[in-house]
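Chain residues, written in single-letter form:
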Amino acid sequence: MSDEENITKEPAAVYHTELKVFNSFEEQEAYERWEMAKLSPEQTLIQLRKFINIAYGMYGYNPSDLPIKHDIEIQ
């Protein structure tokens, strides 16, 4: 194997250095609800839109240049 085959190519990403450990699922849910409650309604909608884009593979979302109609094709 050559050296080039041994190189792992990671996508350019920002890694968070903080790791949160929970003692129970209930504690995790309470923390997540607390974090969501701190967001403004606009931030919540933006986060929801990002999840929708990921789920439907809609990349390149620009809120200032919205298309008139989305066509979702299920294959």
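Structure: see above.
Residues numbered from 1 in each chain as written. Predicted model: local features only at pLDDT ≥ 70, side-chain atom pairs only at ≥ 80, totals over all residues. Heavy atoms only, no water.

**Student:** So, the overall build of the chain: which residues are in play, and what are the values?
**Tutor:** Secondary structure assignment for the chain yields 2 helices and 0 strands. Looking at the chain as a whole, 3% of its 75 residues are labelled buried. (Helix = DSSP H or I, 4+ residues; strand = E, 2+ residues; numbered from the N terminus. Buried < 20%, exposed > 50% of the residue type's maximum accessible area, 1.4 Å probe, protein only.)

**Student:** Talk me through the pattern of salt bridges; I want residue IDs and the actual numbers.
**Tutor:** The tally for this structure, following the rule as stated, stands at 2 salt bridges. For Glu29, the salt bridge goes to Arg33, with nearest N and O atoms at 3.9 Å. With Glu29 and Arg33 both in helix α1 (residues 25-37), this residue pair falls 4 residues apart, about one helical turn. With relative accessibility at 53%, the residue Arg33 sits in the exposed group. For Glu35, the salt bridge is made with Lys38, and the minimal N-O distance between the two is 3.1 Å. (Salt bridge = Lys/Arg side-chain N within 4 Å of Asp/Glu carboxyl O.)

**Student:** Let's hear about helix α2 (residues 41-56): which residues, and what values?
**Tutor:** The end-to-end C-alpha distance of α2, which contains 16 residues, comes to 23 Å, matching closely the 22 Å that a straight helix rising 1.5 Å per residue would cover. Positive phi shows up at Gly57, right after α2, with a value of about 65°. (Expected span 1.5 Å × (residues − 1).)

**Student:** Let's hear about a nonpolar patch on the surface: which residues, and what values?
**Tutor:** A grouping of Tyr56, Ile72 and Ile74 is seen on the molecular surface, where their side chains present a nonpolar patch of about 380 Å² in accessible area. For Ile74, the position within the fold is in the segment after α2. (Patch = residues over 30% accessible without salt bridge, like charges linked within 9 Å, V, L, I, M, F, W, Y side chains within 5 Å. Areas by Shrake-Rupley, 256 points an atom, 1.4 Å probe, with all protein chains shown as cover.)

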